[in-house]
Amino acid sequence: MTTFDPRALERIRAGLDHPIIDGDGHIIEFMPAVREQIVRLGGESAAEVIDGFLAAPKLARTLDLETRRALGMYRMSWWALPAENTLDRATSMLPSLLDERLPELGIDFALVYPTLGLMITAIEDADARRAVCRAFNHYYADAFASHRERLAPVAVIPMHTPEEAVEELEYAHGLGLRAAVLEGHVHRPLPGKNESRVARWIDSFGPDEPDAYDAVWQRCLDLGISPTFHSSGMGWPSRASLTSYVFNHLGNFAVAGETTCRSLFLAGVPHRFPTLPFAFLEGGAAWGANLYSDMLGHFEKRGAHALGGLDPSRIDRGEMKALFEKHAPEAFRRHLDRLGEGLAVLSDPEEDPATLDEFRHAAIEKPEDVRRVFADQFYFGCEADDPMNALAFDTKTNPLGARLQAIFSSDIGHWDVPDMRCVLLEAHEAVDDGNMSPEDFRRFTFSNAASLFTATNPDFFAGTAVESAVARELA
């Protein structure tokens with residue numbers, strides 16, 4: 001764990017010719033003030049819903065493991081915020097203190113994401129969910145109203161239906177919030193199993209209904225909002241331990257981000273909205289590099305141009321029979337009259353021709369089309385101390401020399417940042433160790449975040465401390 005050294009931080013800042021944009025810090029909401037907003041907008045009944053939501057961990061401790069499993073519970077976050085470091089805890093709660101301390105942290109401008117606000121989109125009651133989301137967004141807008149020069153709060157947007165998402169985008173935009181985090185997936189009840197919270201499937205807006213959320217993506221463009229995703233995979237079947245938060249937490253942001261990213265790509269959303277960027281936060285860039293490489297590999301071998309070699313109708317049955325007669329053991333030859341049955345395994349010749357090209361929505365015709373989306377439209381939020389951040393910029397390892405757009409994300413406010421003052425020191429270790437060039441560090445801590453938010457709103461940084469630097473960079 002890095003120990004704060006003010007002289008080292010001064011040396012790093014002195015050697016930079018660009019400001020530092022934090023693409024993903026966090027505020028810890030002061031719930032008495034939020035609850036007041038909830039009561040104002042949704043009444044006491046909506047406030048009681050959030051009360052119950054927040055009381056779930058305490059309730060879980062009163063139940064045996066079998067009951068928790070039946071209710072679909074899992075070990076949630078506990079002791080997840082700074083405690084001994086009181087100054088950092090207060091800094092995450094008080095926008096004026098965060099604004100005051102940003103220079104001490106080596107940060108010039110920060111996007112400030114929710115903490116509890118990231119969870120409220122899971123509220124199942126639609127009326128309560130919308131009232132609570134609006135209350136949280138009012139809270140963010142009010143709390144940061146006088147700190148626009150250095151801080152940008154991020155609105156939280158539910159995605160249970162496209163209509164709901166569009167209306168909440170418009171509502172948040174009306175509050176003056178110019179950045180938004182969209183729910184990356186929705187847990188849908190399985191038909192006939194609505195009575196069980198365990199019986200859910202994950203809708204990540206993918207290729208089964210490729211254009212179902214196009215109205216949302218279009219409204220993002222219209223409003224000048226670059227969609228970001230900060231969803232959790234905790235509670236998914238592979239991350240549903242009843243006793244270990246660490247087990248559930250490991251890789252959860254990566255798996256959730258990968259699911260949304262993969263879904264959007266195969267649904268053709270980047271193709272239909274080629275100027276709209278998408279950011280997947282806090283999961284790092286390693287999964288992005290892996291998905292990019294894997295997508296290329298699948299396209300190479302399962303794209304429309306390659307399917308001929310897999311078509312069961314192209315099997316030479318005569319040659320196959322001759323090979324069996326010559327090489328098969330007696331146990332096989334006894335069933336040569338059923339050769340067709342044996343060849344049908346995982347090779348059904350009656351597949352619907354209209355569904356064979358699974359890249360059809362993405363409109364991918366060549367490998368460079370995959371590269372364009374991953375290198376130009378997708379962004380990957382990376383925690384400062386993640387040693388895999390450099391992989392995003394490794395043009396020798398990434399196929400077709402791709403450089404992924406990784407974004408410096410402090411994650412201040414949460415347990416994995418014991419000292420806010422160390423985040424830039426930790427991020428710069430990649431340069432100190434020779435794994436990231438100074439130019440890549442510039443992209444990581446400044447250029448990529450600037451391009452993400454100005455892609456939809458050229459004036460995103462107007463009136464901020466980094467306005468002139470962003471203008472020079474983009475020029």
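See above for the structure.
Since we're looking at a predicted model, the values are computed, not measured.

Asker: Go over the overall build of the protein chain, please, and point to the residues and values.
Answerer: In terms of regular secondary structure, the protein chain is built from 19 helices and 10 strands. In summary, the protein chain has a C-alpha radius of gyration of 25 Å against a globular reference of 23 Å for 475 residues, a match within 12%. By principal-axis analysis of the C-alpha atoms, the protein chain measures approximately 80 × 55 × 45 Å. With 475 residues in all, the protein chain has 50% of them scored as buried. Sequence-distant contacts, at least 24 apart, represent 75% of the contacts inside the protein chain between residues at least 6 apart.

Asker: Now, about the sheet that holds strand β3 (residues 151-157): what can you tell me, with residues and values included?
Answerer: Spatially, the eight strands line up as an open sheet ordered β1-β2-β3-β4-β7-β8-β9-β10, and their pairing is parallel. Unpaired on one side and paired on the other, β1 (21-26) and β10 (405-409) mark the two borders of the sheet. With direction set aside, neighbouring strand axes in the sheet form an average angle of 30 degrees. Across three bridges, strand β2 (residues 109-113) lies against β3 in parallel orientation. Of the residues in β3, the one forming a bridge with Val 112 is Pro 153. Where helix α18 (residues 438-454) meets the sheet, its contacts fall on β1, β2, β4 (179-182), β7 (227-229), β8 (278-280), β9 (378-383) and β10, and the angle it forms with β10 comes to roughly 110 degrees.

Asker: Go over helix α17 (residues 423-432), please, and point to the residues and values.
Answerer: Burial within α17 is extensive, with eight of its 10 residues counted as buried. All buried positions along α17 are accounted for by Val 423, Leu 424, Leu 425, Glu 426, Ala 427, His 428, Ala 430 and Val 431. Looking at the buried side of α17, the elements it contacts are α1 (6-14), α5 (95-105), β10 and α18. Just downstream of α17, Gly 434 is the residue with a positive phi angle, here 80 degrees.

Asker: Talk me through a negative patch on the surface; I want residue IDs and the actual numbers.
Answerer: Residues Asp 348, Glu 350, Glu 351, Asp 352 and Glu 358 make up a contiguous surface patch of negative charge. If you trace the backbone, Asp 348 turns up in the loop between α15 (339-343) and α16 (367-377).

Asker: Give a description of the packing of aromatic side chains that names residues and reports values.
Answerer: A complete count under the given rule lists 22 aromatic pairs for this structure. Judged by centre distance (5.6 Å) and plane angle (15 degrees), the ring pair of Phe 229 and Phe 280 falls under stacked. With Phe 229 in strand β7 and Phe 280 in strand β8, the pair connects residues that are 51 residues apart, well separated along the chain. Here Phe 229 and Phe 280 have matching classes, each one buried. Between Phe 374 and Phe 378, the aromatic rings sit 5.2 Å apart at their centres with planes inclined by 85 degrees, giving edge-to-face as the arrangement. Neither Phe 374 nor Phe 378 differs from the other in exposure class; each is buried. One cation-aromatic arrangement involves Arg 134 over Tyr 171; the distance from NZ or CZ to the ring centre is 4.0 Å. One Lys or Arg, Arg 178, reaches over the ring of Phe 460 and ends 4.9 Å from the middle of that ring.

Asker: Go over the pattern of salt bridges, please, and point to the residues and values.
Answerer: Considering all chains together, one arrives at 25 salt bridges under this definition. Across the salt bridge formed by Arg 188 and Asp 203, the nearest N and O atoms sit 3.0 Å from each other. Of the two residues, Arg 188 sits in strand β5 (residues 186-189) while Asp 203 sits in strand β6 (residues 200-203), which places them 15 residues apart along the sequence. The residues Arg 188 and Asp 203 share a single accessibility class, namely buried. Of the charged contacts in the structure, one is a salt bridge between Arg 338 and Glu 341, with a shortest N-O distance of 2.7 Å. Given the relative accessible area of 43%, Arg 338 is considered partly exposed.

Asker: Summarise the environment of Gly 176; cite the residues concerned and give the values.
Answerer: Structurally, Gly 176 is set in the loop between α7 (162-174) and β4. With 39 residues separating them along the chain, Gly 176 and Asn 137 place their C-alpha atoms 9.8 Å apart.

Asker: Describe in detail the pairing of β1, supporting the description with residues and values.
Answerer: A large share of β1 lies buried, amounting to six of its six residues. With four bridges connecting them, β1 and β2 associate as parallel partners. By the bridge assignment, His 26 is partnered in β2 with Tyr 113.

Asker: A description of the nonpolar core should follow, citing residues and the corresponding values.
Answerer: Counting 120 residues, the largest nonpolar core has Ile 21, Leu 111, Leu 182, Trp 217, Phe 265 and Phe 374 as its most contacted members. For this core, the element with the most residues is helix α6 (residues 126-143), which contributes nine residues. Look past the residues within four positions of Phe 265 in its chain and what remains in contact with it is Pro 270, Met 295, Phe 359, Ala 362, Ile 364, Val 370, Val 373, Phe 374 and Phe 378.

Asker: Describe the side chain of Asn 252, with residues and values.
Answerer: Within the secondary structure, Asn 252 is located in helix α10 (residues 252-266). The contact partners of Asn 252, leaving out residues within four places of it in the chain, are Ser 231, Ser 232, Gly 233, Met 234 and Arg 239.

Asker: Summarise unusual backbone geometry; cite the residues concerned and give the values.
Answerer: At Leu 346, a position not held by glycine, the phi torsion is positive, near 55 degrees. Structurally, Leu 346 is set in the loop between α15 and α16. Unusually for a residue other than glycine, Ala 363 sits at a positive phi of about 55 degrees. Counting through the fold element by element, Ala 363 comes out in the loop between α15 and α16. Here Ala 363 falls in the partly exposed class, since its relative accessible area comes to 31%.

Asker: Any details on the state of the cysteines? Residues and values, ideally.
Answerer: One pass over the structure, following the stated rule, counts zero disulfides. This cysteine, Cys 133, is not joined by any disulfide, and Cys 220 carries the nearest cysteine sulfur, 15 Å off.

Asker: I'd like a description of the side chain of Ser 231, backed by residues and values.
Answerer: Looking at the element boundaries, Ser 231 is found in the loop between β7 and α9 (245-249). Among the residues examined, Ser 231 registers a relative accessible area of 14% and is labelled buried. For Ser 231, the side chain forms a polar contact with the main-chain nitrogen of Gly 184, separated by 2.7 Å.

Definitions and cut-offs
Residues numbered from 1 in each chain as written. Predicted model: local features only at pLDDT ≥ 70, side-chain atom pairs only at ≥ 80, totals over all residues. Heavy atoms only, no water. Helix = DSSP H or I, 4+ residues; strand = E, 2+ residues; numbered from the N terminus. Rg over C-alpha atoms; globule rule 2.2 N^0.38 Å. Buried < 20%, exposed > 50% of the residue type's maximum accessible area, 1.4 Å probe, protein only. Contact = heavy atoms within 4.5 Å. Pairing = 2+ DSSP bridges. Axes fitted to C-alpha atoms, helices over the stretch in contact; angles between N-to-C directions. Patch = residues over 30% accessible without salt bridge, like charges linked within 9 Å, V, L, I, M, F, W, Y side chains within 5 Å. Areas by Shrake-Rupley, 256 points an atom, 1.4 Å probe, with all protein chains shown as cover. Salt bridge = Lys/Arg side-chain N within 4 Å of Asp/Glu carboxyl O. Lys, Arg positive; Asp, Glu negative; His and termini not counted. Charge placed at Lys NZ, Arg CZ, Asp CG, Glu CD. Phe/Tyr/Trp six-rings, centres within 6.5 Å; stacked < 30°, edge-to-face > 60°. Lys NZ or Arg CZ within 6 Å of the ring centre and 35° of its normal. Core = buried A, V, L, I, M, F, W, Y, C linked by side-chain atoms within 4.5 Å. Disulfide = S-S within 2.5 Å. Polar contact = N/O pair within 3.5 Å; in protein donor to acceptor, adjacent residues only side chain to side chain.

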